[in-house]
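# Per-entry structural report
Read off the chains here:
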Amino acid sequence: MSFFSWNDKFSMGVDVIDHDHRILVDLIDQLHEAFVNGNPDSTVTPVLDTLVDYTRFHFAREEDLMAKAGYPGLDQHKEVHRTLRRQVEDIQARVQNGTRMGNELLAFLQDWLYFHILEQDRAYSPYMSALFAQEPHPEPPQAGR
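Presented here is an overview of the structure given in this document. (Residues numbered from 1 in each chain as written. Predicted model: local features only at pLDDT ≥ 70, side-chain atom pairs only at ≥ 80, totals over all residues. Heavy atoms only, no water.)

### Section: the pattern of salt bridges
Defined as follows: Between Lys or Arg on one side and Asp or Glu on the other, a salt bridge is scored when a side-chain nitrogen of the former is within 4 Å of a carboxyl oxygen of the latter. Counting from the N terminus, the helices are DSSP H or I runs at least four residues long and the strands are E runs at least two residues long. Classification of residues uses two cut-offs on accessible area relative to the type maximum, computed with a 1.4 Å probe and protein chains only: under 20% is buried, over 50% is exposed, and between them is partly exposed.
Counted by the stated rule, this structure contains eight salt bridges. Here R56 ties to E89 by a salt bridge, and the two come within 3.0 Å at their closest N and O atoms. Remark: E89 occurs in helix 3 (residues 74-96) and R56 occurs in helix 2 (residues 40-69); sequence separation between them is 33 residues. Assessed through its relative accessible area of 35%, R56 is described here as partly exposed. Notably, a salt bridge pairs R94 with E104, separated by 3.5 Å at the nearest N-O pair. With a gap of 10 residues between them, R94 in helix 3 and E104 in helix 4 (residues 102-120) connect regions that are remote in the sequence. By relative accessible area, R94 is classed as partly exposed at 29%. Judged by relative accessible area, E104 falls into the partly exposed class, the value being 46%. One network of salt bridges, with partners in common, ties together D53, R56 and E89.

### Some words on the nonpolar core
To keep things clear, this is the line we draw: For the purposes of this section, nonpolar cores are sets of buried Ala, Val, Leu, Ile, Met, Phe, Trp, Tyr and Cys residues that join through side-chain atoms within 4.5 Å. Note on definitions: a residue-residue contact is assigned when non-hydrogen atoms from the two residues lie within 4.5 Å.
Within the largest apolar cluster, 41 residues are counted, with the highest numbers of intra-cluster contacts made by L31, L105 and L113. For this core, the secondary structure elements donating two or more residues are helix 1 (15-36), helix 2, helix 3, helix 4 and helix 5 (125-134). A per-element tally of this core places helix 2 first, with 10 residues. The residues touching L105, leaving out its near neighbours within four places in the chain, are L31, F35, V44, L48 and I91.

### Describing the packing of helix 1 against helix 4
The following threshold applies: Axis definition: a line fitted to C-alpha atoms, over the contacting stretch in the case of helices. Angles run 0 to 180 degrees between N-to-C directions. Roughly parallel here means an angle under 35 degrees, roughly antiparallel means over 145, roughly perpendicular means 65 to 115, and every remaining angle is called oblique. Crossing handedness is defined as follows: a turn of the near helix away from the far one that is anticlockwise and smaller than a right angle gives a left-handed crossing, while the clockwise case is right-handed. Three categories are distinguished: nonpolar for Ala, Val, Leu, Ile, Met, Phe, Trp, Tyr, Cys and Pro, charged for Asp, Glu, Lys and Arg, and polar for the others, with Gly belonging to the last.
Orientation of helix 1 relative to helix 4, taken along the N-to-C sense of each, is 165 degrees, at an axis distance of 10 Å. Classified by the interaxial angle, the pair formed by helix 1 and helix 4 is roughly antiparallel. The two elements helix 1 and helix 4 cross, and the hand of that crossing is left-handed. When helix 1 is examined against helix 4, the residues H21, L24, V25, I28, L31, H32 and F35 are found in contact with a partner set consisting of G102, L105, L106, L109, Q110, L113 and I117. By residue class, the composition of the contact of helix 1 with helix 4 is 10 nonpolar, four polar and no charged.

This is the structure in C-alpha coordinates:
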(Lines give C-alpha, C1' and ligand atoms only; values in the text may rest on other atoms or scores of the structure.)
Protein backbone atom coordinates (compact mmCIF):
# COMPACT_ATOMS: atom_id res chain seq x y z
CA MET A 1 0.00 0.00 0.00
CA SER A 2 1.30 3.44 -0.93
CA PHE A 3 2.10 5.98 1.75
CA PHE A 4 1.59 8.87 -0.64
CA SER A 5 -0.77 8.06 -3.48
CA TRP A 6 -0.67 10.04 -6.70
CA ASN A 7 -4.01 11.19 -8.04
CA ASP A 8 -5.23 13.64 -10.65
CA LYS A 9 -5.47 16.56 -8.23
CA PHE A 10 -1.65 16.64 -8.23
CA SER A 11 -1.43 16.95 -12.02
CA MET A 12 -0.05 20.23 -13.33
CA GLY A 13 -1.04 19.34 -16.87
CA VAL A 14 2.61 19.44 -17.92
CA ASP A 15 3.91 15.94 -18.58
CA VAL A 16 7.54 16.55 -17.68
CA ILE A 17 6.64 18.21 -14.34
CA ASP A 18 4.04 15.57 -13.51
CA HIS A 19 6.63 12.89 -14.28
CA ASP A 20 9.12 14.51 -11.89
CA HIS A 21 6.49 14.76 -9.18
CA ARG A 22 5.60 11.09 -9.61
CA ILE A 23 9.26 10.16 -9.15
CA LEU A 24 9.40 12.19 -5.94
CA VAL A 25 6.23 10.45 -4.71
CA ASP A 26 7.76 7.08 -5.56
CA LEU A 27 10.92 7.89 -3.61
CA ILE A 28 8.87 8.89 -0.57
CA ASP A 29 6.98 5.60 -0.90
CA GLN A 30 10.29 3.72 -1.02
CA LEU A 31 11.32 5.36 2.26
CA HIS A 32 8.00 4.41 3.82
CA GLU A 33 8.40 0.84 2.61
CA ALA A 34 11.86 0.67 4.21
CA PHE A 35 10.46 1.70 7.58
CA VAL A 36 7.45 -0.64 7.35
CA ASN A 37 9.63 -3.60 6.40
CA GLY A 38 12.02 -2.92 9.26
CA ASN A 39 15.13 -2.28 7.20
CA PRO A 40 15.55 1.49 7.37
CA ASP A 41 19.31 1.49 7.95
CA SER A 42 20.13 -0.28 4.70
CA THR A 43 17.57 1.59 2.60
CA VAL A 44 16.99 5.08 3.98
CA THR A 45 20.39 6.58 3.19
CA PRO A 46 20.54 5.57 -0.49
CA VAL A 47 16.89 6.46 -1.12
CA LEU A 48 17.23 9.76 0.73
CA ASP A 49 20.39 10.55 -1.26
CA THR A 50 18.48 9.87 -4.48
CA LEU A 51 15.58 12.01 -3.27
CA VAL A 52 17.90 14.93 -2.49
CA ASP A 53 19.64 14.63 -5.87
CA TYR A 54 16.36 14.34 -7.76
CA THR A 55 14.90 17.29 -5.84
CA ARG A 56 17.83 19.45 -6.95
CA PHE A 57 17.38 18.29 -10.54
CA HIS A 58 13.61 18.82 -10.47
CA PHE A 59 13.80 22.29 -8.92
CA ALA A 60 16.36 23.39 -11.52
CA ARG A 61 14.21 22.07 -14.36
CA GLU A 62 11.06 23.63 -12.90
CA GLU A 63 12.77 27.01 -12.47
CA ASP A 64 14.09 26.90 -16.03
CA LEU A 65 10.62 26.18 -17.38
CA MET A 66 9.05 28.89 -15.22
CA ALA A 67 11.57 31.38 -16.62
CA LYS A 68 10.79 30.31 -20.20
CA ALA A 69 7.06 30.60 -19.45
CA GLY A 70 7.48 34.11 -18.06
CA TYR A 71 6.06 33.19 -14.66
CA PRO A 72 5.99 36.43 -12.62
CA GLY A 73 6.35 34.60 -9.28
CA LEU A 74 9.65 32.96 -10.25
CA ASP A 75 11.80 34.74 -7.64
CA GLN A 76 9.44 33.83 -4.81
CA HIS A 77 9.21 30.24 -6.06
CA LYS A 78 13.01 30.02 -6.19
CA GLU A 79 13.13 31.13 -2.56
CA VAL A 80 10.63 28.38 -1.62
CA HIS A 81 12.84 25.90 -3.47
CA ARG A 82 15.96 27.13 -1.63
CA THR A 83 14.20 26.71 1.72
CA LEU A 84 12.94 23.22 0.85
CA ARG A 85 16.34 22.19 -0.49
CA ARG A 86 18.01 23.32 2.76
CA GLN A 87 15.43 21.42 4.84
CA VAL A 88 15.88 18.21 2.86
CA GLU A 89 19.67 18.55 2.94
CA ASP A 90 19.49 19.11 6.72
CA ILE A 91 17.46 15.92 7.10
CA GLN A 92 19.95 14.09 4.90
CA ALA A 93 22.84 15.27 7.10
CA ARG A 94 21.01 14.27 10.29
CA VAL A 95 20.33 10.77 8.90
CA GLN A 96 23.97 10.44 7.78
CA ASN A 97 25.01 11.34 11.34
CA GLY A 98 22.91 8.50 12.72
CA THR A 99 19.70 10.30 13.70
CA ARG A 100 16.70 8.03 13.31
CA MET A 101 13.83 10.06 11.96
CA GLY A 102 11.20 7.53 10.80
CA ASN A 103 7.73 9.05 11.04
CA GLU A 104 9.10 12.59 11.37
CA LEU A 105 10.93 12.21 8.08
CA LEU A 106 7.96 10.70 6.26
CA ALA A 107 5.50 13.29 7.62
CA PHE A 108 7.81 16.14 6.59
CA LEU A 109 8.28 14.75 3.07
CA GLN A 110 4.60 14.03 2.58
CA ASP A 111 3.54 17.48 3.82
CA TRP A 112 6.28 19.14 1.80
CA LEU A 113 5.35 17.48 -1.46
CA TYR A 114 1.60 17.77 -0.92
CA PHE A 115 1.78 21.47 -0.04
CA HIS A 116 4.35 22.27 -2.68
CA ILE A 117 2.41 20.69 -5.53
CA LEU A 118 -1.08 21.79 -4.54
CA GLU A 119 -0.22 25.29 -3.34
CA GLN A 120 3.08 26.50 -4.76
CA ASP A 121 3.20 24.72 -8.12
CA ARG A 122 -0.47 25.21 -8.87
CA ALA A 123 0.22 28.95 -9.25
CA TYR A 124 2.50 28.49 -12.27
CA SER A 125 0.35 25.87 -14.00
CA PRO A 126 -1.41 28.31 -16.39
CA TYR A 127 1.95 29.77 -17.49
CA MET A 128 3.39 26.32 -18.15
CA SER A 129 0.28 25.24 -20.04
CA ALA A 130 0.61 28.28 -22.29
CA LEU A 131 4.32 27.58 -22.82
CA PHE A 132 3.74 23.96 -23.76
CA ALA A 133 0.86 24.85 -26.04
CA GLN A 134 3.49 26.65 -28.15
CA GLU A 135 6.38 24.15 -27.89
CA PRO A 136 6.84 20.42 -28.29
CA HIS A 137 6.96 18.63 -24.95
CA PRO A 138 10.43 17.60 -23.73
CA GLU A 139 10.83 13.93 -23.05
CA PRO A 140 10.81 13.07 -19.35
CA PRO A 141 13.78 11.06 -18.10
CA GLN A 142 13.35 7.35 -17.55
CA ALA A 143 12.53 6.53 -13.96
CA GLY A 144 14.06 3.61 -12.21
CA ARG A 145 13.83 2.14 -8.76
